[in-house]
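A structural walkthrough
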Amino acid sequence: MAQPNIVNVANIYAQSVGFNLSNTLTATLFTVATDKVLKVNNIMCSNVDGSNAASINLFVDKAEFTTNDGTVGPFSTNITVDGNFYIAKVITVAPNSTLVLLESPIYLMEGDALKGGASAASDLDLIVSYELLNDA
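Every value quoted in this text rests on a predicted model; they were computed, and no experiment measured them.

Cut-offs applied
Residues numbered from 1 in each chain as written. Predicted model: local features only at pLDDT ≥ 70, side-chain atom pairs only at ≥ 80, totals over all residues. Heavy atoms only, no water. Helix = DSSP H or I, 4+ residues; strand = E, 2+ residues; numbered from the N terminus. Buried < 20%, exposed > 50% of the residue type's maximum accessible area, 1.4 Å probe, protein only. Contact = heavy atoms within 4.5 Å. Areas by Shrake-Rupley, 256 points an atom, 1.4 Å probe, with all protein chains shown as cover. Core = buried A, V, L, I, M, F, W, Y, C linked by side-chain atoms within 4.5 Å. Salt bridge = Lys/Arg side-chain N within 4 Å of Asp/Glu carboxyl O. Phe/Tyr/Trp six-rings, centres within 6.5 Å; stacked < 30°, edge-to-face > 60°.

Description of the overall build of the protein chain
Summing up its helical and strand segments, the protein chain has 0 helices and 9 strands in all. Across the protein chain, helices and strands are ordered from the amino to the carboxyl terminus as β-β-β-β-β-β-β-β-β. Counting across all 136 residues of the protein chain, residues that qualify as buried make up 33%. In the protein chain, the proportion of contacts linking residues at least 24 apart, taken out of those at least 6 apart, comes to 86%. Surface exposure of the protein chain reaches about 7200 Å², of which carbon and sulfur atoms provide 50%.

Shown next as structure tokens:
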């Protein structure tokens, strides 16, 4: 996968998407398509159960990625990134409440997937606010 140049994108679309974590197992919520970059701005989790707390696991399954050269970011040499990186790990959300899980933007590149699960099926809703940068 090539590192996208987000200066020369064809389109930028502001979007939000909602999920109900209907499964207690880890589910793939979305995978970033080819020639796309997502700038995820905010993730909120609401517990829709009125009497029971529930916990959430939410992480990025990072597609293998190597920087273009040593001038990218703070790294003096090329680096390769691959694996799972948690945004929230067993975070409890109280009944009838909302928790902000992400309020500082992160970038998801093509092939990256957002995955998550809840301790109680259908008790947690997620709202993910992002900008889709189309490099095609």
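With respect to the nonpolar core
Note on soluble globular proteins: their nonpolar side chains tend to be buried together. Judged by nonpolar contacts, the single largest core of 25 residues is most densely connected at F30, I56, L58 and L126. Listed by contribution, the elements that provide at least two residues to this core are β2 (27-31), β3 (36-47), β4 (54-66), β5 (80-93), β6 (98-102), β8 (113-118) and β9 (124-134). Ranked by residue count, the leading element in this core is β9, at 5 residues. Filtering out sequence-adjacent residues up to four positions away, L58 remains in contact with L29, I43, Y86, I87, A88, L101, L114, K115, G116 and L126.

A short note on the pattern of salt bridges
Scanning all chains against the criterion turns up 2 salt bridges. Here D61 makes a salt bridge to K115, at a shortest N to O gap of 2.9 Å. Residue D61 is located in strand β4, and its partner K115 is located in strand β8; the two are separated by 54 residues in the primary sequence. Classification of D61 as partly exposed rests on a relative accessible area of 24%. A salt bridge links D112 to K62, with the shortest nitrogen-to-oxygen separation between them at 2.8 Å. On the criterion of sequence distance, the pair formed by D112 in the loop between β7 (106-109) and β8 and K62 in strand β4 is long-range, its members being 50 residues apart.

Quick word on the packing of aromatic side chains
Tallied over the full model, the rule gives 3 aromatic pairs. Both rings, one in F59 and one in Y86, keep their centres 5.0 Å apart while their planes meet at 45°; by these two values the pair is tilted. Taken together, the positions of F59 in strand β4 and Y86 in strand β5 put the pair 27 residues apart, joining distant regions of the chain. Classification of F59 as buried rests on a relative accessible area of 6%. Aromatic rings pair up to connect F19, F30 and Y130 into one cluster.

Focus: the environment of A120
The topology assignment puts A120 in the loop between β8 and β9. As for A120 and N52, which are separated by 68 residues in sequence, their C-alpha atoms are 9.1 Å apart. Not counting residues up to four positions away in its chain, the partners in contact with A120 are L21, T24 and A54.

Honestly, that's just the spatial picture; any functional story needs more than this.
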